[in-house]
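Residue strings, one per chain:
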Amino acid sequence: MASLMGTYSHNMDAKGRLNFPTKLREGLGDVFYVTKALDQPCLTVYSETEWERLSAKIAALPEAKGSQMKRWLFSGAAALQPDKQGRVLIPQELRNFAGLEKDVVVVGANNKAEIWDRSRWDAWNASFDVQKMLDVLNELGF
């Protein structure tokens, strides 16, 4: 799978439909999966291959460690299949979790995409820790 990248601003309609960016749809495939993000108040979108890989890793966890993760990740997850206009319907529970109303941002994040409420995305960018990123790049040898 090609790396997913880019930042796309879109509006979500009153029914919770979002015109998913064409470039990201091309990388994700005909059906992709959305769930609550593990580290931010946004949604994470996976291709079918990435979803199956993640699901297998979580299924392999011992029940004592994995049960909470399974509930978190799978309870609100949904398969998305874009309609002829490229729109996907984001389930209400997931919209509530991520605070999605109208103005949203869809970002490519390498092997996944993320869906953010515009104001949360702007706040996250404003608080971005450049030094932390530079430390990670240094660890990678850049």
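Notes on the overall build of the chain
Reasoning step 1: Per the secondary structure count, the chain includes 6 helices and 8 strands.
Reasoning step 2: When the helices and strands of the chain are read in sequence order from the N terminus, they spell out β-β-α-β-β-α-α-β-β-α-β-β-α-α.
Reasoning step 3: Compactness check: the chain gives a C-alpha radius of gyration of 16 Å against a globular reference of 14 Å for 142 residues, within 12% of the reference.
Reasoning step 4: The C-alpha extent of the chain, read off along each of the three principal axes, is 45 × 40 × 30 Å.

Considering the layout of surface pockets
Reasoning step 1: There is about 220 Å³ of room inside the largest pocket.
Reasoning step 2: If you go around the largest pocket, the residues you meet are Asp39, Gln40, Val107, Gly108, Ala109, Lys112, Glu114, Trp116, Trp121 and Trp124.
Reasoning step 3: When contributions to the lining of the largest pocket are tallied by element, the ones reaching two or more residues are strand 7 (103-108), strand 8 (113-117) and helix 5 (118-126).
Reasoning step 4: By residue class, the composition of the lining of the largest pocket is 5 nonpolar, 2 polar and 3 charged.

Quick word on the nonpolar core
Reasoning step 1: Leu18, Phe20, Leu43, Val45, Ile90, Leu100 and Ile115 are the most contacted members of the largest nonpolar core, which totals 21 residues.
Reasoning step 2: Counting only elements with at least two residues in this core, the list comes to helix 1 (22-28), strand 3 (32-36), strand 4 (43-47), strand 5 (78-80), helix 4 (92-98), strand 7 and strand 8.

Each value, and the rule that gives it
- Residues numbered from 1 in each chain as written.
- Predicted model: local features only at pLDDT ≥ 70, side-chain atom pairs only at ≥ 80, totals over all residues.
- Heavy atoms only, no water.
- Helix = DSSP H or I, 4+ residues; strand = E, 2+ residues; numbered from the N terminus.
- Rg over C-alpha atoms; globule rule 2.2 N^0.38 Å.
- 1 Å grid on protein atoms, 1.4 Å probe; cavity = no way out; pocket = protein on both sides within 12 Å on 5 of 7 lines; lining within 4 Å.
- Points joined across faces, edges and corners; volume = space filled by probe spheres on them.
- Nonpolar A, V, L, I, M, F, W, Y, C, P; charged D, E, K, R; others polar.
- Core = buried A, V, L, I, M, F, W, Y, C linked by side-chain atoms within 4.5 Å.
- Buried < 20%, exposed > 50% of the residue type's maximum accessible area, 1.4 Å probe, protein only.

It is worth stressing that arrangement in space is one thing and function is another; only the former is reported here.
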